[in-house]
Amino acid sequence: MQEGTPIIEFKDVNKVYPNGTVGLDNINLTINQGEFVVIVGLSGAGKSTLLRAANRLHDVSSGEILIDGQSIVTAKGKQLREVRRNIAMIFQNFNLVKRSTVEKNILNGRVGYYPTWKTIFGLFSAADKQQAAANLQRVNLGEKLYSRADELSGGQQQRVAIARALMQEPKIMLADEPIASLDPRTTMMVMDDLKKLNEELGITVIVNLHSVSLAKQYASRVVGLRAGKLVYDKQIADVQDGDFDEIYDGKDQEVKGA
Amino acid sequence: MNTIPKKSFVQKWHVKAIIWTVIILALFIASCVMTGVDVGAFLTGFNQFMQIFYEMLKPDWSYVPFTIQPIIQTIQMALIGTLIGSIVAVPFSVLAARNIVTNTLVRGVIRFILNLVRTLPDLMLAAIFVAVVGIGPMAGVLTLAIFSFGMISKLFYEAIETIDMGPIEALTAAGATKTQVVWFAVLPQVYNHFLSYFLYTFEINVRASTILGYLGAGGIGELLQRSLGQFRYDRTAIVVIGTFIVVVVVDTLSNQLRERLQ
Amino acid sequence: MTIKKTFWQKYEAWIWAAVFVLIYIWAFSGIPVTGIQAVAGEVTKSILNGLFHPDFSYVYTGDGEDLVSLLLQTLAIAFAGTLASAIFSIPFAFWAARTKKGGLHVTSSTGKLFLTIVRTFPEIVMAIMFIKAVGPGPFAGVLAVSFHSIGMLGKLFAEAVEEIDRRPAEAIIAAGGTQFDVLVHATIPAVIPEFISLTLYRFEIAVRSASILGLVGAGGIGAPLIFAIGTRWWPRVAIILLGIIVMVTVIDFLSGYLRKKLV
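Residues numbered from 1 in each chain as written. Chains lettered and ligands numbered in written order. Predicted model: local features only at pLDDT ≥ 70, side-chain atom pairs only at ≥ 80, totals over all residues. Heavy atoms only, no water.

J.: Before we go on, may I ask you to explain the overall build of chain B in this structure?
T.: Counting secondary structure elements, chain B contains eleven helices and zero strands. Relative to its length of 262 residues, chain B is extended, with a C-alpha radius of gyration of 25 Å against a globular reference of 18 Å. Residue burial in chain B is summarised as follows: out of 262 residues, 53% are buried. Within chain B, counting contacts between residues at least 6 apart in sequence, those at least 24 apart form 76% of the total. For chain B, the exposed surface amounts to about 12800 Å²; the carbon and sulfur share of it is 69%. Looking at charge distribution, chain B has the averaged site of its 17 positive side-chain charges lying 11 Å from that of its 13 negative ones. (Helix = DSSP H or I, 4+ residues; strand = E, 2+ residues; numbered from the N terminus. Rg over C-alpha atoms; globule rule 2.2 N^0.38 Å. Buried < 20%, exposed > 50% of the residue type's maximum accessible area, 1.4 Å probe, protein only. Contact = heavy atoms within 4.5 Å. Areas by Shrake-Rupley, 256 points an atom, 1.4 Å probe, with all protein chains shown as cover. Lys, Arg positive; Asp, Glu negative; His and termini not counted. Charge placed at Lys NZ, Arg CZ, Asp CG, Glu CD.)

J.: Can you walk me through the interface of chain B and chain A in this structure?
T.: With 20 residues of chain B in contact, the opposing surface of chain A contributes 27 residues. If you sort the residues of chain B by the area they bury against chain A, Glu169, Ala173 and Phe184 of chain B come out on top, with a joint share of 27%. Linking chain B to chain A there are two salt bridges. In this structure, the connection of chain B to chain A is made through seven residue pairs in polar contact (both at pLDDT 80 or more). The element best represented in the side of chain B that touches chain A is helix α9 (residues 178-212) of chain B, accounting for eight residues. (Buried area = accessible area lost by both parts, 1.4 Å probe. Salt bridge = Lys/Arg side-chain N within 4 Å of Asp/Glu carboxyl O. Polar contact = N/O pair within 3.5 Å; in protein donor to acceptor, adjacent residues only side chain to side chain.)

J.: Explain the confidence of the model for chain A to me, please; I cannot follow it from the model alone.
T.: Do not read the fine detail of predicted coordinates wherever pLDDT is low. Summing up the model confidence of chain A, the mean pLDDT is 85 and the portion of residues at 70 or higher is 95%. Low pLDDT (under 50) marks residues 251-258 of chain A, which in the prediction has two contacts with non-local residues, meaning those over four places away or in another chain. (pLDDT = per-residue confidence, 0-100.)

J.: Help me understand the pattern of salt bridges, please; the structure alone is not making it clear to me.
T.: For side chains bearing opposite charge, pairing can occur when the charged atoms are close. All names here are of chain B. For the structure shown, the criterion picks out 28 salt bridges over all chains. Note that Asp60 and Arg235 form a salt bridge whose closest N and O atoms lie 3.2 Å from each other. Of this pair, Asp60 sits in the loop between α3 (39-56) and α4 (64-96) while Arg235 sits in helix α11 (residues 233-261), and the two are 175 residues apart along the sequence. Since its relative accessible area comes to 13%, Asp60 is described here as buried. By relative accessible area, which is 21% here, Arg235 ends up partly exposed. The salt bridge involving Arg258 is made with Glu203; its shortest N-O contact spans 2.7 Å. Of this pair, Arg258 sits in helix α11 while Glu203 sits in helix α9, and the two are 55 residues apart along the sequence. In this structure, a network of salt bridges that share partners links the residues Asp60, Arg232, Asp234 and Arg235.

J.: Even after reading the chapter, I still don't get the UniProt feature "domain: ABC transmembrane type-1" (unreviewed entry) in chain B, so can you show me in this structure?
T.: Mapped onto the present numbering, the UniProt feature "domain: ABC transmembrane type-1" (unreviewed entry) falls at residues 71-254 of chain B. Secondary structure content for residues 71-254 of chain B is 83% helix and 0% strand, and the end C-alpha separation is 17 Å. (UniProt positions renumbered as here; feature names shortened; annotations may be inferred.)

J.: Got a minute to help me understand the environment of Lys154 of chain B in this structure?
T.: Checked against the element boundaries, Lys154 of chain B lands in helix α7 (residues 137-160). Each C-alpha atom of the pair Lys154 of chain B and Ser93 of chain B lies 6.8 Å from the other, and the pair is 61 residues apart in sequence.

J.: Honestly, the packing of aromatic side chains in this entry has me stumped. Any pointers?
T.: Two descriptors summarise a pair of aromatic rings, namely the distance from one centre to the other and the angle between the planes of the rings. What the rule picks out here adds up to 18 aromatic pairs over all chains. For the pair Phe49 of chain B and Phe130 of chain C, a centre-to-centre distance of 4.5 Å together with 20° between the ring planes defines the contact as stacked. One end of the pair, Phe49 of chain B, is in helix α3; the other, Phe130 of chain C, is in helix α5 (residues 123-134), on a second chain. Centre to centre, the rings of Phe130 of chain C and Phe147 of chain C are 5.0 Å apart; their planes meet at 50°, and the pair counts as tilted. With Phe130 of chain C in helix α5 and Phe147 of chain C in helix α6 (residues 138-163), the pair connects residues that are 17 residues apart, well separated along the chain. One aromatic cluster is present, built from ring pairs that chain together Phe42, Phe46 and Phe49 of chain B together with Phe130 and Phe147 of chain C. (Phe/Tyr/Trp six-rings, centres within 6.5 Å; stacked < 30°, edge-to-face > 60°.)

J.: I would appreciate a short explanation of the UniProt feature "transmembrane region" (unreviewed entry) in chain B in the present structure.
T.: Residues and elements named next belong to chain B. Feature annotation in UniProt places "transmembrane region" (unreviewed entry) on residues 17-43, 63-88, 123-147, 181-200 and 236-254, given in this structure's numbering. In the segment residues 17-43, helix accounts for 89% and strand for 0%; the C-alpha atoms at its two ends are 33 Å apart. End-to-end, the C-alpha atoms of residues 181-200 are 27 Å apart, and along that stretch the chain is 100% helix and 0% strand.

J.: Help me out: how do you make sense of a nonpolar patch on the surface in this one?
T.: On the surface, Leu257 of chain B together with Phe7, Trp8, Tyr11, Trp14, Ile15, Trp16, Val19, Ile23 and Trp26 of chain C cluster together into a nonpolar patch covering about 1000 Å² of accessible area. A per-element tally of the nonpolar patch places helix α1 (residues 7-29) of chain C first, with nine residues. Mapped onto the elements of the fold, Leu257 of chain B is located in helix α11. Of the residues examined, Leu257 of chain B reaches a relative accessible area of 35% and is grouped as partly exposed. (Patch = residues over 30% accessible without salt bridge, like charges linked within 9 Å, V, L, I, M, F, W, Y side chains within 5 Å.)

J.: Where do I start with helix α10 (residues 221-229) of chain B in this structure?
T.: Every α-helix carries 3.6 residues per turn, so stepping three or four residues along brings you back to the same face. Within the span of α10 of chain B, buried status applies to Gly221, Leu223, Leu224, Ser227 and Leu228 of chain B. Axial view of α10 of chain B: buried residues confined to an arc of 155°, hence all on one face. On its buried side, α10 of chain B packs onto α4, α9 and α11 of chain B together with α5 of chain C. Taken from the residues just after α10 of chain B, Phe231 of chain B is the one with a positive phi, measuring 55°. (Arc of directions from axis to C-beta.)

J.: Teacher, can you tell me more about a positive patch on the surface here?
T.: A cluster of basic residues, Lys104 and Lys129 of chain A together with Lys5 and Lys10 of chain C, forms a positive patch on the protein surface. With respect to the helices and strands, Lys10 of chain C occurs in helix α1. We classify Lys10 of chain C as partly exposed; its relative accessible area is 47%.

J.: How should I be thinking about the interface of chain B and chain C in this particular structure?
T.: Interface size is often expressed as the accessible area that is lost when the parts come together. With 60 residues of chain B in contact, the opposing surface of chain C contributes 61 residues. In total, about 5200 Å² of surface goes out of reach between chain B and chain C, with carbon and sulfur atoms giving 82% of it. On the chain B side of the contact with chain C, Thr35, Phe49 and Met124 of chain B bury the most area, a combined 11% of that side's loss.

J.: What is the right way to look at the sheet that holds strand β7 (residues 172-175) of chain A in this model?
T.: Strand pairing in a sheet relies on backbone hydrogen bonds, with the paired strands running either antiparallel or parallel. All names here are of chain A. A sheet is described by the order of its strands in space; here six strands give the open sequence β6-β7-β8-β3-β9-β10, paired in mixed fashion. The open sheet has two edge strands, β6 (87-90) and β10 (229-235), and neither has a second partner. Across the sheet, the mean angle from the axis of one strand to that of its neighbour is 15°, orientation sign disregarded. Two strands pair when backbone bridges link them, and β6 and β7 are joined in this way by four bridges, in the parallel orientation. Each residue of the ladder has a partner; that of Met89, found in β7, is Leu174. Taken strand by strand, helix α1 (residues 47-54) contacts β3 (36-40), β6, β7, β8 (204-209) and β9 (221-226), and its axis lies near 155° from that of β8. (Pairing = 2+ DSSP bridges. Axes fitted to C-alpha atoms, helices over the stretch in contact; angles between N-to-C directions.)

Structure (structure tokens):
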């Protein structure tokens with residue numbers, strides 16, 4: 001697959017929550033293979049909903065989402081799980097099983113490749129166990145393989161989560177506010193890790209961020225959401241300093257206009 | 001001058017408290033009448049009660065060796081009953097947990113069954129199982145299995161409902177099946193709670209199993225029934241002391257282990 | 001780079017598993033599995049058959065020996081026993097509660113030991129002793145329930161007293177109040193709702209025990225149940241079981257509702 005082919009396509013996607021809140025409002029967005037997309041916007045603008053629609057942790061109300069040309073909206077059962085296998089995700093709160101070892105947590109990323117009974121008896125192949133150790137080394141935590149997840153610091157846990165995500169051998173990596181619970185130094189490490197995956201392994205990365213400066217530093221493309229609408233979409237080269245006021249202060253302008 | 005806010009009639013005369021007191025008193029009197037409570041009879045019969053008590057104060061220590069084997073059996077019954085009950089409880093508790101099973105019908109049916117099981121007193125189950133499988137420890141094991149199943153399922157599903165949902169989301173996103181999600185994201189989080197509740201249920205089962213034998217369901221209770229039937233209260237005392245020691249030792253051990261699990 | 005697990009990391013789970021398995025091998029060795037009767041299948045069948053054809057004629061006959069009357073009597077035993085026990089438990093609770101910091105707790109420790117002994121003393125044995133004193137019947141059941149409950153209620157009450165907020169008491173002492181003032185204005189208002197809630201909880205348990213005390217002749221629904229089981233009268237067993245299930249469910253629901261309102 002070459003760069004420039006569409007890998008995620010949102011077509012007229014709407015999401016209305018049962019309580020009437022509009023999560024996504026007619027989103028049309030095409031993300032290409034190998035991009036590093038940062039999604040910015042206020043809290044509640046729909047950033048998380050957009051990411052979770054992409055791997056269908058949330059169902060959408062209408063519209064179509066194609067992953068590598070295949071619809072995830074209509075996928076069911078085994079088919080859905082196979083699509084998900086190609087999309088890794090990391091989370092604001094890391095979502096590790098705190099009482100399990102780092103090794104087990106990383107292998108959890110691989111369960112989609114095995115039949116259920118094999119995983120339950122712990123029958124992961126030696127190659128996958130090797131891969132787990134290698135992925136941990138890739139995020140510079142090699143010596144923590146047998147530690148319990150809750151013994152690690154927040155930044156370390158997030159990097160374990162990245163190692164887990166890599167076990168999926170994903171084409172796409174979704175990251176939902178991956179640094180919101182971290183301090184500035186570990187923030188850089190985690191973002192660097194993501195950048196490395198993007199550049200070295202060619203994984204398409206989509207990250208939700210609050211920080212505009214980080215977005216400008218790492219992204220190849222910046223997308224802005226406001227109240228569930230897509231209000232901004234530019235390649236990094238075209239991004240102007242003043243642009244972000246529009247995304248963040250847009251709400252005020254709307255109020256003034258109304 | 002300040003005016004003090006007026007209390008309403010209900011507040012001033014504590015109407016609610018008075019109504020409740022009257023209701024409770026009326027129920028109490030009705031209950032006493034219905035059960036033939038007779039303080040006089042109690043006072044005159046009290047020396048009878050004390051008579052037994054005095055006899056129990058002079059335990060027949062030579063009876064101790066006969067209690068060892070039944071006490072061991074009591075513990076074995078409790079161990080096996082707890083194990084069977086807990087194993088069966090695991091799938092039921094997963095199905096009864098609000099955050100795992102979103103289907104209200106399935107959850108409702110499972111919870112209904114669990115509530116039904118919990119209404120049955122242990123001795124009543126013992127009476128029935130003695131009728132089914134005959135006198136002996138087998139009846140006790142089955143009784144304890146059902147009894148602990150009801151209790152432990154509830155403790156388990158309440159533990160499951162308090163877990164961190166994050167890992168579940170992570171596993172789902174990685175393409176895991178429902179079973180894999182439960183196995184890798186739910187069970188590791190509740191594992192220690194489960195062990196702790198297992199031990200707690202074992203403690204309760206030890207207490208329960210000491211009297212099951214009264215109905216022929218094995219264990220030390222059989223000696224309780226025998227000594228009481230022979231009016232050998234000095235031997236009853238030995239059985240009661242033995243029970244007490246076993247309960248205290250098991251409680252202490254189990255508490256130690258449970259603290260280590262924290 | 002390869003990382004070695006330490007011995008403990010590698011084998012801890014296995015060691016515990018081995019201990020667990022050994023304990024269970026020992027436990028199973030003590031229970032003869034041959035105990036299952038040849039007729040067990042037959043009996044189970046007739047029980048199930050009976051359970052599907054409950055003896056509805058027993059529900060109410062008007063002679064005071066029917067299901068409804070005896071269930072009411074069971075409730076009466078539990079209610080009278082629990083209420084009496086709640087009142088008697090209060091002094092025991094203050095005896096066993098540890099309210100001062102530091103030092104030895106001779107009073108509290110002896111109180112707790114006493115309550116543990118009462119709690120462990122089999123309720124059935126207590127019922128038999130009271131039957132000797134006042135003759136068979138529900139009154140013996142009331143006495144057994146109320147004495148036995150002191151063991152548990154006293155402990156729970158004592159824990160409630162230990163856990164109350166000490167600051168209002170300090171405020172009263174600071175304002176020049178006596179220990180008696182503290183009791184009346186700080187301690188009692190703080191513990192009363194807690195005590196009521198615990199008593200309701202204990203009542204739920206008492207209903208269950210009152211329904212089996214009849215097994216030894218202490219009144220309630222237990223006696224006809226054991227009689228019906230003894231005579232293999234399964235339709236009768238079935239209706240009594242149904243009655244108990246309904247009664248316990250209703251009481252648990254009511255008590256749970258009241259306890260929620262108290263909080």
